[in-house]
Structure formats: structure tokens, C-alpha cells
Amino acid sequence: MTGNISNNDKSLGCYHCGLPVPPGSSYTTIINQEPRSMCCPGCLAVAETIVGSGLDTYYKHRTEAADSPEIRGKELPESLIQELALYDDDNVQHDFVTKTATGSEASLVIEGITCAACVWLLENHIKGIPGVEKAHVNLTNHRARINWDQTQTPISTLLSEIYRIGYQAHPYHPDKEEQLLEQEHKRATRRLGIAGIGMMQTMMLAVALYGGALQGIDNQYVTFIRWASLVIATPVVIYAARPFFIAALRDLKTRHLTMDVPVSLAIGGAYLASVWATITNSGEVYYDSVTMFTFFLLIGRFLEMQARHRTGRAGNSLLNLLPASALRIIEGEEQLVPVNDLKTGDTVIVRPGHTIPSDGLIIAGNSSVDESALTGEYLPIRKKVDDQVVGGTINVENPITIKIIQTGSDTQLSAIVRLLERAQEEKPQVAKIADKVASYFVAAVLITATCVGVGWWMVEPAHAFWITLSVLVVTCPCALSLATPTALTAATGTLRQNGLLITRGHVLESLASATHIVFDKTGTLTEGNLSLQEVLPLAEHNEDECIKIAAAIEKHSEHPIAKAFHEQAGQLNATDIQNQVGQGLEGFIGNQRYRIGKPEFAAQICESGLPALPKTSGQWLLLCNQKSALAWFRLNDLIRPEAQQTIRGLQALGLECEMLTGDNSSAVQEVATHLGINSAISGVSPEQKLLHVKQLQEKGAQVVMVGDGINDIPVLAGAQTSIAMGGATDLAKTNADGVLISHDLLRLIDGILLARKTKKVIKQNLIWSLCYNLMALPLAAFGFIAPYMAALGMSASSLVVVGNAMRLNRLRKYKLKTTSTHSSSKAEN
Amino acid sequence: MDIIFLLIPIAIILASCAVWAFFWSVNSGQYEDLESPAHSILYDDDDDLIPEDARVKPDNKSND
């Protein structure tokens, strides 16, 4: 008799967070005139708060389900309220709260924002708190600015109100890098604005000049309009186009030619020639071409930069791994202090379910510690007195007292971050096609221009300068330099809509040439948490009753094994729960004594002794009462439903799939066999993971790494392309080149297919723009091209390039096949 | 045609005013979030502003 538990009935999903509603639960509330069922008291409390403050239109407008709230109970736990109260202290506040004329302004980072409706909900809910004057939430970087009167409402109330509607707020401490990013963004916007306004103005004046050239115009007007154009174009060239000049100079110094060199040459050359023409009142002016060219290119750069900054939320990512506060013991008294105040030698109590604040030694108590963030091992590890614990890991079972031995930058967590920085520096550079083309192009243009100049000098010296210049302007690589960014921007946008966010410019090119794809196991190929797979009843109780009993006992534990039962919890109540570290739980329901846990442990209390272990491999738990063994439960970390098809699809595309995991159990081989991965390496540390990828790279492989945990961060940084899962830690996401926001592995196949298509489009674009330049070159060389024809040709060729890139906006999605057995996985695109 | 000697300088002055306004708006952070304002206009949180006789009855509203 085998019973498979399935909770995947999506139609019964929680109205608030979309997670499945456990059978038998009864959390409902009225939203928009209809009763809605929720999955847990946490979601219920959040939904009731939202409806209670009259903000239920949130549910109509949201485009994504909300994240499941962190607080699972109906009320905020006392411990959280105490922790938030720490922020009322002036010393703690001074780095994220500033005093303004009318009150205070706080900068916060808010976790859990999924769509624009969240921003609306947060802003309106915060504005409803007495004393709040202004609240602004930024959808792009998830930051909130709140202006309020501190004498009316303490900041802890603001923070707890944000928790109450299902989000988490943390103080925002920008680090240096992040401040630089912000400045870069503002500077780029200003440059774009200057170029845009300048372009429009010069274009207007240019129309007058072109009209005059055709119909006749007095010389004094021409001179005046030229001077006016000079005034407008000068800031565009000096301020807006400066990044191109700086980059070109840098590239010339390092002796390699990139796209910036011909760009600067064209802008600088045409501008200087026009200035010369204006002053000497001779020749032709090209101010319109210069400004338009600058504006077009800046748009490309700006879009690229915005994609890059999208996940730039690095400021708080490391901090969020560590708790904000710790319970320090001074002379026998417990005192709640901010983590930053901890020093080596302090004694700290860590309660079950809390994060260990810093590296330390256990001096009292024993418990098990969830080190999954650092090692990828999802089962907690037993720790006793004198064992070392690592900051950022979670204490699972019993309270422990630890003595701090390392703080700040000496901790293991910081060591991983340093490893990450080193890996980033050593990351192999991806050769960009455009840069390769650019170096040939520059050489060709310079040689041709010189030949033309010398040729005309010998034939007719008076025209030599102007014709040479028109050669430079006509061959101005506008289309050429737009060829890559437009294609990349279009493809990036398409992938984002489909759930794969690209954050670095090189990703699409390196995805197209990838040869190996390396997966982490826990959390990437699997769901990353244990779930109940199978129940084998042994005695008179049926499957359901056994689950109810087990859930009633496990309800009291935060162990990952116990969590697998949490959603099954019913009305039954267990009392006198006792926790045996690493063994299991014991408790009473009514008068009956039960044990659940390791078979040997559970069977100790029952008269019938230990039953034979079932044949299927996996993690088996035994439930016993005093009379007999009641049921076997099999737990497992579920493989993601789309994983098998993804691996097959990737293999069909000619990629080598590998699995690299810190997990050491037999499950590794099982997962690999099930998915059809030939090469699986288990039990490796973050350093070894990085080493393995480096070895692959030395053999000439182009590696894509897909991972999620802290332990994956160094290897994510070291691989040519790295993709983090949507549920990954912030630190992993900010350091990855791409994020799978939809949690759907199949989007990787889309990504690779689109990347290959993008590469093709880029090549077409490059070929087209080169053809255009080759055609225009002889005409310009023989002096047939007037300035307005050069400007027209330039715009037309740019439009063709942009239009071609737009083709990347369409993507045929790779669908999950419902028949998972032996289907030939061939790329559908 | 001599009027352009006056009009073009005025155009340049106006353009520089536009540049100044643009710089001010960038520096005061108005370009930091280009996504949420586009959505915020669509939220019908203005129920209390709609005149009594123009209101749609609640049961005619679509629930989604």
C-alpha cells in the first residue's frame, strides 16, 4: 500500500501567496466580496491587514503573487518586536535616518516586492500610519524613503507595520560601490538629456541650413546659424560624449582598438572640422550629425547600463545574512545588543530558529545547526560543546551558548566574500565580436582616409581637407556601433519578460558560445527543502491519521524534517514534547505516548520492536506508539519537475551538463541518474567548486554555472557566465550575470536559443553596416556626397540595424512537456 | 528675416532653461524609478472622488 502525497492542486492555491493550501486547513477571509482561502495564519493576517486598511484593490492590480510572509503566526512574535525596538536607539539610527526641517527621513531596503502593486500597497499603508508625511518606494531598487515625525511614531512601529503587510524592511546602508553606481546612473541620465536637447536644437537649425542650400540664403544668416549651432553642439561634445573619448584614450593606451576609437574619431573629427568651418566661414558643418550620433549611441549605452544596475542591491546583501541583534550575556544577565557591537570573547545565547551572529565556540548546550547557506547540505549538522559554529548559519533545535572567537572581516562568511572578489578579478574575459570588428574597421578607415587625402592633395589641394572629412563622417560607424547594443537590448528585454533576467552585457554572447553548463544540486535542480514523499502505514491507523499524528508532534520543531510536516498540521494537539538532538521527537496526544524520528530511536518505546526498513532508498522516519510501530514516512528533496526535460534539452543543444554539489549523501548519484547527468561531483567546498570550473576553463570550455547558495558565490563569480536562481540569496543574485526570476529551469533553454539567435542578428547587423560604409566610401572619396546626404544615409542605415534587432523581441517559449517519460527533446525553435 | 537674430538666441536661452530643469530633476532623484509611476495611474484608489451617480455598482465590477 503506497500513498503518494500530492499538494500540487494549483486551483486551490493560497489567494495571497499562491502556495498550495494544505488540505483540512480553514484560513479564509473575504476579499473583493468573495471568500478566499489562505495557506497559513501568516498569509491570513497579512490579507486581513491589507483589507482592514482599505487597500484591497492591491489584489486586483498585482501581476505577480506575493511572496509568502516570513512571519507564520497571526501576530508578530515578541522577539521580532524586541529586535525592531533596537532601531529606536539614536546610535543605531544615525546611519540610516537623517533629520530634516520637519522631522526625520529614513532610508530602508524592502524585501518581498514582486510588482508595481506592491509599491502602491506599501506607500499607501505607510502613509496611513499617524505621523507619516511622505512615503516613497522605488520599484527598481526596492528602496523606501519615509519622512515622518519621530515624536509621534517610533521607527519600530513603521518597521513592524511593513512586516504586518507581508514585507521585510531593513535599514539601508549604502556601501561605496553602490553610491558610485547611483552617481553613474545620474551622470548617464544627465548626459542623455544634454545630448537629446542639443540634438533637437541643432537639427532644427540644420533644416534651415539645408533649406537655404537648396533655395538660396544670405551669407550673413548662414554664418549666424552656424555660430548658434556651434554654441549648442559644444556642450554635447564636451559633456555628453566625454565617456567615449575617455574610453578611447584608455584603449589606445592599452594598445587595443575598440568601438570607442572610431566613435571618438568621428565625433571629434566632425566637430573640430565644423568649428574650423564656422570660424573661417568655409566648407561644410556637421553639427547635426555629431549630436545625433552622440544621442543614438548614448541611448544604447544607457539601456545597457540600466540592465546592469537592475539587481544592484549589493549594499545590504551581506548584512542580511547576519541577524541585526544578538543576546549577549554580561554578568549573568541577558541583554539584546546590535550585532556590530559584539567583540571577540563575548558570550552570546542563540535560541532555536535564530541565526548565529558570528563565528564562535559552543560553551553550553548541544543542538544541530543548519549550515545549508554555507555548504549546500540541507540537513542540519549536530553540534556539541567545544564545536565551532559559523556566523550566518541557523541554530535549529536547542538554545546554545557560544563564545565569540571571530568578528567582522575575520569571519568565514567574509572569507567567502573575499574569495568571490578574487574570482571576479580572475574571470576570463569574453571577447566581444564588435570589438574585434572595430579594430579592423578603424585600421581600414584610417588607411582609406589617408589615401583619399593624399590623392586629392595631389589632384586638387583646395578640396582635399573637406573630402577627407566627408569620408570620415560618411564612414562614421553609427550603425556599426549600434549593431551590438540594440540586438543585446532587444534580446535582454525579451528574456526578462520570459523570466530570465540578464544583468551583464556579455552574457548573451557568452551563452551563445557556451560548451559546459554546471548545476548546483540543492535548491537549483531540486526544490531545496524536504517534503513528504510516501507514507507506509504499519498498524490499524490509516495514512491520513498517521500524518495527522506526526504533524501534531512535528509542529513544535523548526527542524527541516519537521517542516515537511508543517503544512499537514490539523487540529490535533500534542503535549510534553521532548526533543532528542539528532534523533527525533517524543510527545503525548491525549494519554498516548508517541515517538517519531530515527527508526532505532522511535522503536525504543514500542513493544513490538523495530520493523524491517522498506526497500526504497531515501530518508525514512518511523512513527511509534507504546504498543507498536505505526507508519514509515519517506522524505526527500524533490527534483524540480522541469529539471529532467531541461537537461535533455540542453544536451540536445550540444551542451555538456555537469552537477557540482557540497552535498555528500547518496542522493547525489540518484539525482544525477534520474536527470541523465553523466558527471556529478559531490562533497566539494566552495574553493573546490571554483577550482573545478577553472580546470574546465583551462581545457578551453566556456562554462555556464547555475547555482543559488552562498557556497556557490565564488564559483558563480569565476565562471564565464553565471545564473542564479530567483530564490537565491541576494549576494548570489547580485554577483551572478543573470537571474532566473521565474524559478523555471526551462528558461535556460530559451536563453541559449535566443543568445544564439542574437549572435546571428549581431553578425547580420555588422555585415549590413559594413556594406553600407563600403558603398558610401567611394562616393565620398570622389566628392559626391553633401552633408545632408551623409546625415540621411547614416540615419537610414541605423534604422535598418534597429529594425533587424527588433526581430529578437519575439520568442517561442520552450514548454514543459506533460509526458515526462522518454520524449525526444529537440529544440523547438 | 532679421528676426532670427532675436529668435535663435531666445531659443538657445529656453533650451538652457530646459537643461537646467532636467539637471534639477535628475539630481532630485526623479529618474531613479522609471517603472512604478507608469503603473500607479492605473490603480483605482480614487473611489471617493467619483461622483455618487457615476459609480458602478459593486456587483457589476469584475473580480480578478
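Residues numbered from 1 in each chain as written. Chains lettered and ligands numbered in written order. Predicted model: local features only at pLDDT ≥ 70, side-chain atom pairs only at ≥ 80, totals over all residues. Heavy atoms only, no water.

S.K.: Which parts of the structure should I look at to understand the overall build of chain A?
M.R.: From N to C terminus, chain A includes 29 helices and 30 strands. Across the 829 residues of chain A, 54% fall into the buried class. With an accessible surface of roughly 36400 Å², chain A has 55% of that area assigned to carbon and sulfur atoms. (Helix = DSSP H or I, 4+ residues; strand = E, 2+ residues; numbered from the N terminus. Buried < 20%, exposed > 50% of the residue type's maximum accessible area, 1.4 Å probe, protein only. Areas by Shrake-Rupley, 256 points an atom, 1.4 Å probe, with all protein chains shown as cover.)

S.K.: Hey, could you run me through the nonpolar core in this one?
M.R.: Within soluble globular proteins, side chains that are nonpolar tend to cluster in buried spots. All names here are of chain A. Of all hydrophobic cores here, the largest spans 56 residues; its most connected members are Ile517, Phe519, Leu525, Leu650, Leu745 and Leu748. The leading source of residues in this core is helix 28 (residues 747–781), at 9 residues. Once residues lying within four places of it in the same chain are set aside, the contact partners of Leu650 are Ile517, Phe519, Leu655, Cys657, Ile749 and Ile752. Of all hydrophobic cores here, the second largest spans 53 residues; its members include Leu80, Phe96, Trp148 and Leu158. (Core = buried A, V, L, I, M, F, W, Y, C linked by side-chain atoms within 4.5 Å. Contact = heavy atoms within 4.5 Å.)

S.K.: What should I look at first to understand the packing of helix 8 (residues 219–240) of chain A against helix 10 (residues 260–280) of chain A in this one?
M.R.: When two helices pack together, their arrangement is captured by the angle between the axes and the distance separating the axes. Residue and element names in this part refer to chain A. Where helix 8 meets helix 10, the closest approach of the two axes is 10 Å, and the angle between their N-to-C directions is 155°. The pairing of helix 8 with helix 10 is recorded here as roughly antiparallel in orientation. Between helix 8 and helix 10 lies a crossing whose hand is left-handed. Along its contact with helix 8, which presents Arg226, Trp227, Leu230, Ala233, Thr234 and Val237, the element helix 10 presents Ile267, Tyr271, Val275, Ala277, Thr278 and Ile279. When the residues that make up the contact of helix 8 with helix 10 are grouped by side-chain class, the tally is 9 nonpolar, 2 polar and 1 charged. (Axes fitted to C-alpha atoms, helices over the stretch in contact; angles between N-to-C directions. Parallel < 35°, antiparallel > 145°, perpendicular 65-115°, else oblique. Left-handed = near helix turned anticlockwise from the far one by under 90°. Nonpolar A, V, L, I, M, F, W, Y, C, P; charged D, E, K, R; others polar.)

S.K.: How should I be thinking about the pairing of strand 6 (residues 132–137) of chain A in this particular structure?
M.R.: All names here are of chain A. Sheet topology note: the strand 6/strand 7 (residues 143–148) ladder contains 5 bridges and is antiparallel. Within strand 7, the residue paired with Val137 across the bridge is Ala144. Between strand 6 and strand 7, which pair antiparallel in sequence order, lie 5 residues; one of them, His142, sits at a positive phi of approximately 60°. (Pairing = 2+ DSSP bridges.)

S.K.: Where do I start with a nonpolar patch on the surface in this structure?
M.R.: On the surface, Ile3(B), Leu6(B), Leu7(B), Ile10(B) and Leu14(B) cluster together to form a nonpolar patch covering roughly 470 Å² of accessible area. Mapped onto the fold, Ile3(B) is located in the segment before helix 1 (4–27). (Patch = residues over 30% accessible without salt bridge, like charges linked within 9 Å, V, L, I, M, F, W, Y side chains within 5 Å. Salt bridge = Lys/Arg side-chain N within 4 Å of Asp/Glu carboxyl O.)

S.K.: Sorry, what's going on with the interface of chain B and chain A here?
M.R.: Many authors give the size of an interface as the accessible area that is lost as the parts come together. Each partner contributes to the interface: chain B provides 31 residues, whereas chain A provides 38 residues. Interface area, chain B with chain A, both sides summed: about 3100 Å², of which 63% is carbon and sulfur. The interface formed by chain B and chain A holds 0 salt bridges in total. Linking chain B with chain A are 3 residue pairs in polar contact (both at pLDDT 80 or more). Mapped onto the side of chain B that touches chain A, the elements with two or more residues apiece are helix 1 and helix 2 (36–40) of chain B. (Buried area = accessible area lost by both parts, 1.4 Å probe. Polar contact = N/O pair within 3.5 Å; in protein donor to acceptor, adjacent residues only side chain to side chain.)

S.K.: Help me out: how do you make sense of the environment of Val535(A) in this one?
M.R.: Mapped onto the secondary structure, Val535(A) falls in strand 20 (residues 526–537). A sequence separation of 100 residues divides Val535(A) from Leu635(A), and the C-alpha atoms of the two residues are 9.2 Å apart.

S.K.: Explain the packing of aromatic side chains to me, please; I cannot follow it from the model alone.
M.R.: Aromatic rings considered in pairs are described by the distance between their centres and by the relative angle of their planes. Counting across every chain of the model gives 9 aromatic pairs over all chains. Three or more aromatic residues link up through ring pairs in this structure, and these residues are Tyr15(A), Tyr58(A) and Tyr59(A). Over the ring of Phe23(B) we find Arg190(A); its NZ or CZ atom is 5.7 Å from the centre of that ring. The ring of Tyr239(A) is capped by Arg191(A), whose NZ or CZ atom sits 5.1 Å from the centre of that ring. (Phe/Tyr/Trp six-rings, centres within 6.5 Å; stacked < 30°, edge-to-face > 60°. Lys NZ or Arg CZ within 6 Å of the ring centre and 35° of its normal.)

S.K.: Before we go on, may I ask you to explain the sheet that holds strand 30 (residues 738–740) of chain A in this structure?
M.R.: Pairing between the strands of a sheet comes from backbone hydrogen bonds, and it takes one of two forms, parallel or antiparallel. All names here are of chain A. What the 7 strands build is an open sheet, ordered 18-30-29-28-19-26-27; its pairing is mixed. Edge positions in the open sheet fall to strand 18 (501–502) and strand 27 (679–681), since each of these has one partner strand only. As paired strands, strand 26 (residues 656–660) and strand 27 are joined by 3 bridges and run parallel to one another. If you follow Leu660 over to strand 27, its bridge partner there is Ile681. Packing of helix 25 (residues 686–698) onto the sheet brings it into contact with strand 19 (516–519), strand 26, strand 27 and strand 28 (703–707), and relative to strand 26 it is tilted by some 160°.

S.K.: Sorry if this is basic, but what is going on with the side chain of Arg328(A) here?
M.R.: Residue and element names in this part refer to chain A. Turning to its location among the elements, Arg328 is positioned in strand 9 (residues 325–330). Within the structure, the side chain of Arg328 is placed 3.1 Å from the side chain of Asp346, a separation counted as a polar contact. What Arg328 contacts, discounting residues up to four positions off in sequence, is Glu333, Glu334, Gln335, Val337, Asp341, Leu342, Asp346, Thr347 and Val348.

S.K.: In this structure, what is going on with unusual backbone geometry? I would like to understand it.
M.R.: Note on backbone geometry: most residues besides glycine have negative phi, and most peptide bonds are trans. All names here are of chain A. Non-glycine residue Asn281 carries a positive phi angle of around 55°. With respect to the element layout, Asn281 can be found in the loop between helix 10 and helix 11 (287–309). Unusually for a residue other than glycine, Asp386 sits at a positive phi of about 75°. In this structure, Asp386 sits in the loop between strand 14 (381–383) and strand 15 (388–389). Residue Asp386 is classed as exposed on the basis of its relative accessible area, which comes to 59%.

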